[in-house]
Amino acid sequence: MPMVAMTVNGRPISAEVEARTLLVELLRSSLGLTGTHVGCDTSQCGACVVAMNGRTVKACTVLAVQAAEAAVITIEGLATGEVLHPMQTAFREHHALQCGFCTPGMVLSAIELAQRLPPAVTPEAIREGLEGNLCRCTGYHNIVAAVGAGATAMRGKG
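Criteria and cut-off values
- Residue numbers here run from 1 along each chain, matching the order of that chain's written sequence.
- Two thresholds apply to this predicted model, a pLDDT of at least 70 for residue-level local features and 80 or more for giving and counting side-chain atom pairs, whereas whole-chain, interface and lining totals are computed over all residues.
- Hydrogen atoms and water are omitted, and side-chain values are computed over all heavy atoms in the structure.
- Only the contacting stretch of a helix is used when fitting its axis, a line to C-alpha atoms as for every element, and angles between N-to-C directions run 0 to 180 degrees.
- The numbering of helices and of strands both runs from the N terminus, where a helix is a DSSP run of H or I of at least 4 residues and a strand a run of E of at least 2.
- Take the far helix as the reference: if the near one is turned anticlockwise from it by less than a right angle, the crossing is left-handed, and if turned clockwise, right-handed.
- Pairs of residues are marked as contacts when any of their non-hydrogen atoms sit within 4.5 Å.
- Each residue is placed in one exposure class: buried if its accessible area under a 1.4 Å probe, protein chains only, is under 20% of its type's maximum, exposed if it is over 50%, and partly exposed if it falls in between.
- Angle categories: roughly parallel below 35 degrees, roughly antiparallel above 145, roughly perpendicular from 65 to 115, and oblique for all the rest.
- Residues are sorted three ways: Asp, Glu, Lys and Arg are charged, Ala, Val, Leu, Ile, Met, Phe, Trp, Tyr, Cys and Pro are nonpolar, and all the rest, Gly among them, are polar.
- The criterion is simple. A nonpolar core is a set of buried Ala, Val, Leu, Ile, Met, Phe, Trp, Tyr and Cys residues joined through side-chain atoms within 4.5 Å.
- By definition here, a salt bridge exists when the distance from a side-chain nitrogen of Lys or Arg to a carboxyl oxygen of Asp or Glu is within 4 Å.

Participant: Is there a simple way to think about the packing of helix α2 (residues 86-93) against helix α5 (residues 141-154) in this case?
Facilitator: Two quantities define a packed helix pair, namely the angle between the helix axes and the distance between the axes. Contact geometry for α2 and α5: axes closest at 8 Å, N-to-C directions at 145°. The element α2 and its partner α5 pack so that their crossing is right-handed. Counted together, Pro 86, Met 87, Ala 90 and Phe 91 of α2 and Ile 143, Ala 146, Val 147, Ala 149, Gly 150, Ala 151, Ala 153 and Met 154 of α5 form the full contact between these two elements.

Okay, structure coming up:
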């Protein structure tokens with residue numbers, strides 16, 4: 001079995017994995033990082049989104065061996081101690097979650113989206129940017145508001 005080494009949430013890790021092991025399986029089963037969820041097994045829902053080398057990926061579509069030497073950030077790696085990331089704070093303050101199942105992937109996608117979009121981000125641009133993330137509980141109104149607020153806070157204006 002191949003040995004894979006990477007940095008996860010700022011910590012170097014190495015693990016022996018089967019060649020077919022998905023990144024989401026490595027994170028959840030081997031590393032105990034259960035914030036990354038498996039929702040659909042078809043890459044449709046976005047519950048498994050993590051950041052890999054600064055870009056979001058659906059961890060159910062990436063083999064662990066493909067993430068070798070990568071820097072991976074999961075929802076568990078966003079907060080600094082007890083201080084939440086500005087996007088996490090915005091999701092909490094805007095009640096942008098219900099059951100929380102989609103939230104980790106939604107937050108990581110929202111962070112990348114906020115980094116890509118211009119400062120005057122519109123609700124339409126946010127909705128379009130989050131198309132790969134599904135929430136079965138909400139009507140997305142609070143999620144869109146949270147992403148807008150989180151983007152503003154990330155830019156130091158909130």
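Participant: So what exactly am I meant to see when it comes to the environment of Thr 80 here?
Facilitator: Secondary-structure assignment places Thr 80 in the loop between β5 (71-73) and α2. Since its relative accessible area comes to 60%, Thr 80 is described here as exposed. As for Thr 80 and Thr 7, which are separated by 73 residues in sequence, their C-alpha atoms are 17 Å apart.

Participant: How do you make sense of the packing of α2 against helix α3 (residues 103-116) when you look at a structure like this?
Facilitator: Put simply, α2 and α3 touch, their axes get as near as 9 Å, and they point 120° apart. As far as their axial angle goes, α3 and α2 are oblique. Crossing angle aside, the handedness with which α2 passes α3 is right-handed. Facing Met 87, Gln 88 and Phe 91 of α2, the residues of α3 in contact are Thr 103, Met 106, Val 107, Ala 110, Ile 111 and Ala 114. Among the residues forming the contact of α2 with α3, the class breakdown is seven nonpolar, two polar and no charged.

Participant: Quick question: what am I supposed to make of the nonpolar core here?
Facilitator: One recurring pattern in soluble globular proteins is that nonpolar side chains are buried together. Residues Met 87, Phe 91, Met 106, Val 107, Leu 130, Ile 143 and Val 147 are the most contacted members of the largest nonpolar core, which totals 25 residues. Secondary-structure elements contributing two or more residues to this core are β3 (49-52), α2, α3 and α5. Beyond its immediate stretch of four places on either side in the chain, Met 106 contacts Phe 91, Leu 130, Asn 133, Leu 134, Cys 135, Tyr 140 and Ile 143. By size, the runner-up hydrophobic cluster in this structure holds 22 residues, among which are Leu 23, Met 52, Val 57 and Cys 60.

Participant: Just to check I follow, could you spell out the pattern of salt bridges for this structure?
Facilitator: Oppositely charged side chains may form a pair once their charged atoms are brought near each other. Within this structure, the stated rule accounts for two salt bridges. A salt bridge links Glu 112 to Arg 55, with the nearest nitrogen and oxygen atoms 2.7 Å apart. Here Glu 112 is found in helix α3, whereas its partner Arg 55 is found in strand β4 (residues 55-58), with 57 residues between them in sequence. You can call Glu 112 buried: its relative accessible area is 9%.

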